[in-house]
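Given next are the chains, with one letter for each unit.
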Amino acid sequence: QVQLVESGGTLVQAGDSLRLSCAASGRTFSSYTMGWFRQAPGQERDFVAQISWHSSYTYYADSVKGRFTISRDNAKNTVYLQMNSLKPEDTAVYYCAASVRTAPTTPAGYNYWGQGTQVTVSS
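Below: a short report on this structure. If you're wondering where the values come from, they're calculated on a predicted model, not measured in any experiment.

Concerning the pattern of salt bridges
Tallying each qualifying case throughout the model produces three salt bridges. Where Asp62 meets Lys65, a salt bridge forms, and the shortest distance between an N and an O atom there is 3.1 Å. Judged by relative accessible area, Asp62 falls into the exposed class, the value being 66%. Under the relative-accessibility criterion, Lys65 is labelled partly exposed at 48%. As a salt-bridge pair, Asp90 and Arg67 come within 2.8 Å of each other at their nearest N and O atoms. Residue Asp90 is found in the loop between β8 (78-83) and β9 (92-99), and its partner Arg67 is found in the loop between β6 (58-60) and β7 (68-73); the two are separated by 23 residues along the sequence. Arg67 carries the same exposure label as Asp90, and that label is buried. Bridged by salt links that share partners, the residues Arg38, Arg67 and Asp90 form one connected network.

Remarks on the pairing of strand β1 (residues 3-7)
Residues Leu4 and Glu6 line the buried face of β1, whereas the alternating positions Gln3, Val5 and Ser7 sit on a face that is not buried. Bridging between β1 and strand β3 (residues 18-25) involves five bridges; their strand directions are antiparallel. Residue pairing across strands places Ser7 opposite Ser21, the latter belonging to β3.

Cut-offs applied
- Residues numbered from 1 in each chain as written.
- Predicted model: local features only at pLDDT ≥ 70, side-chain atom pairs only at ≥ 80, totals over all residues.
- Heavy atoms only, no water.
- Salt bridge = Lys/Arg side-chain N within 4 Å of Asp/Glu carboxyl O.
- Buried < 20%, exposed > 50% of the residue type's maximum accessible area, 1.4 Å probe, protein only.
- Helix = DSSP H or I, 4+ residues; strand = E, 2+ residues; numbered from the N terminus.
- Pairing = 2+ DSSP bridges.

Structure below.
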C-alpha cells in the first residue's frame, strides 16, 4: 500500500518551467514503477512519463519528449516531473501513480494514484 500526494502545480506562462513533486508514504516506494499522467477537462487521462524503480529506465509520451524529465529519489520517497518550455496545451491536472508492473503506459496499469495538482499554462 502506498499513498501519493502531488504538489507544485500553479499558473505559469508559456515558455516557463515548473517542477512537480509527488511524495509517497510506505516503506516499499522504491519497488514501484512511478508514472505521471495528465487530464485536461473533458479529456481522457493521458500518459506523460514513467520511471523504473532503479531509475535506469524512463519513457515519455511523444508530446513531452525533450521538454519534460522524470526523476525519483528513493531515499526521500519522492518522484519529480521537471517541465520546461511549457505550452498552453500542457494545461491539465497532473497525477502521479505507482505500479507493481514493469513499464505500464495506461492508467489501468497503475495501482495507486494521487489526488492531482493543477497546472495551467497561459499563452
